[in-house]
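# Working through the structure, step by step
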Amino acid sequence: AQKITQTQPGMFVQEKEAVTLDCTYDTSDPSYGLFWYKQPSSGEMIFLIYQGSYDQQNATEGRYSLNFQKARKSANLVISASQLGDSAMYFCAMREGGSNYKLTFGKGTLLTVNP
Amino acid sequence: DTEVTQTPKHLVMGMTNKKSLKCEQHMGHRAMYWYKQKAKKPPELMFVYSYEKLSINESVPSRFSPECPNSSLLNLHLHALQPEDSALYLCASSQDSGQNPNEKLFFGSGTQLSVL
């Protein structure tokens, strides 16, 4: 069974608008971390934001925020005021407490920002 | 400095060649990783080194041979590769604070490998 599900293979957004990228996860481990990475066409995986399973508040990093709904097992990424440079592949990933270093990635969402 | 540096950025090799990929970080991280990423797919874990010892080998074929000469360097030696091994190879590092789910991985830009 997939542990991380990203149901949007591709998304389009107009410049300066907000966009939400969906991510659901599946784990029975009470301790886990959820991550979002951005991968531009250059290839580098850029860490964006992190949410721990015990964190009470949703994480925010500049224009990025993570809408964490623990009961629904969802960790959606919200990008506010989209910029052309936000066009990239976005991966949601999870690391479980007993995972021994393994970071499990979703299949990714390709975001295109239109001018 | 939050940089993981990978060289070369691009590599083309024949099936009989021997080549090496290099990765370096100066963040004091003690865990280092090799991932393989095919086009339009998520990265797949290959190897993990923890404190310079091989901790995880995800059943990777022996034509891939990792090496961790010291805590800052990670190599991936390649020999007798197949065309299906063509992919982006990503190196990553993390602090290695035990089985901590909060630990962030920092990735390099990758080496785009083509096997002819």
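The structure displayed is predicted, hence computed values, not measured ones.

## Re the interface of chain A and chain B
In this assembly, 26 residues from chain A lie in contact with 28 residues from chain B. Across the chain A to chain B interface the summed buried area is about 2,100 Å²; carbon plus sulfur atoms make up 57%. On inspection of chain A and its partner chain B, the count reaches 2 salt bridges. Put simply, Glu 58 of chain B and Lys 102 of chain A hold a salt bridge, and the shortest N to O gap is 3.1 Å. If you look at where chain A meets chain B, you find 4 residue pairs in polar contact (both at pLDDT 80 or more). Counting residues per element, the side of chain A that touches chain B draws most heavily on strand 5 (residues 32–39) of chain A, at 5 residues. Residues of the side of chain A that touches chain B, tallied by class, amount to 10 nonpolar, 11 polar and 5 charged.

## So, the packing of aromatic side chains
For the structure on display, the rule yields 13 aromatic pairs over all chains. Taking 5.9 Å as the distance between ring centres and 70° as the angle between the ring planes, the aromatic pair formed by Tyr 37 of chain A and Phe 47 of chain A counts as edge-to-face. Here the residue Tyr 37 of chain A occupies a position in strand 5, and Phe 47 of chain A occupies one in strand 6 (residues 46–52), the gap between them amounting to 10 residues. Take Tyr 37 of chain A: its relative accessible area is 0%, and that puts it in the buried class. Ring plane angle 85° and centroid distance 5.4 Å describe the contact between Tyr 37 of chain A and Phe 107 of chain B, whose orientation is recorded as edge-to-face.

## Focus: the state of the cysteines
Per the stated rule, a full pass over the model turns up 2 disulfides over all chains. The disulfide that involves Cys 23 of chain A links it to Cys 92 of chain A, with 2.0 Å between the sulfurs. Measuring handedness by torsion sign, the sulfur bridge of Cys 23 of chain A and Cys 92 of chain A sits at about -65° and is left-handed. Taken together, the positions of Cys 23 of chain A in the loop between strand 3 (19–21) and strand 4 (24–25) and Cys 92 of chain A in strand 10 (residues 88–96) put the pair 69 residues apart, joining distant regions of the chain. The class for Cys 23 of chain A is buried, based on a relative accessible area of 0%. For Cys 92 of chain A, a relative accessible area of 0% translates into the label buried. Of the cysteine sulfurs around Cys 68 of chain B, a residue in no disulfide, the closest is that of Cys 91 of chain B, at 9.2 Å.

## Topic: the pattern of salt bridges
Under the definition given, this model contains 7 salt bridges over all chains. With a closest N to O distance of 3.9 Å, Glu 103 of chain B and Arg 95 of chain A form a salt bridge. Of this pair, Glu 103 of chain B sits in the loop between strand 9 (87–94) and strand 10 (106–107) while Arg 95 of chain A sits in strand 10, which puts the two residues in different chains. Like Arg 95 of chain A, Glu 103 of chain B is buried. When the shortest N-O distance is used, the salt bridge between Arg 30 of chain B and Glu 52 of chain B registers 3.1 Å. Of this pair, Arg 30 of chain B sits in the loop between strand 3 (18–25) and strand 4 (31–37) while Glu 52 of chain B sits in the loop between strand 5 (44–50) and strand 6 (53–57), and the two are 22 residues apart along the sequence. You can call Arg 30 of chain B partly exposed: its relative accessible area is 27%. For Glu 52 of chain B, a relative accessible area of 34% gives the class partly exposed.

So, how was this worked out
- Residues numbered from 1 in each chain as written.
- Chains lettered and ligands numbered in written order.
- Predicted model: local features only at pLDDT ≥ 70, side-chain atom pairs only at ≥ 80, totals over all residues.
- Heavy atoms only, no water.
- Contact = heavy atoms within 4.5 Å.
- Buried area = accessible area lost by both parts, 1.4 Å probe.
- Salt bridge = Lys/Arg side-chain N within 4 Å of Asp/Glu carboxyl O.
- Polar contact = N/O pair within 3.5 Å; in protein donor to acceptor, adjacent residues only side chain to side chain.
- Helix = DSSP H or I, 4+ residues; strand = E, 2+ residues; numbered from the N terminus.
- Nonpolar A, V, L, I, M, F, W, Y, C, P; charged D, E, K, R; others polar.
- Phe/Tyr/Trp six-rings, centres within 6.5 Å; stacked < 30°, edge-to-face > 60°.
- Buried < 20%, exposed > 50% of the residue type's maximum accessible area, 1.4 Å probe, protein only.
- Disulfide = S-S within 2.5 Å.

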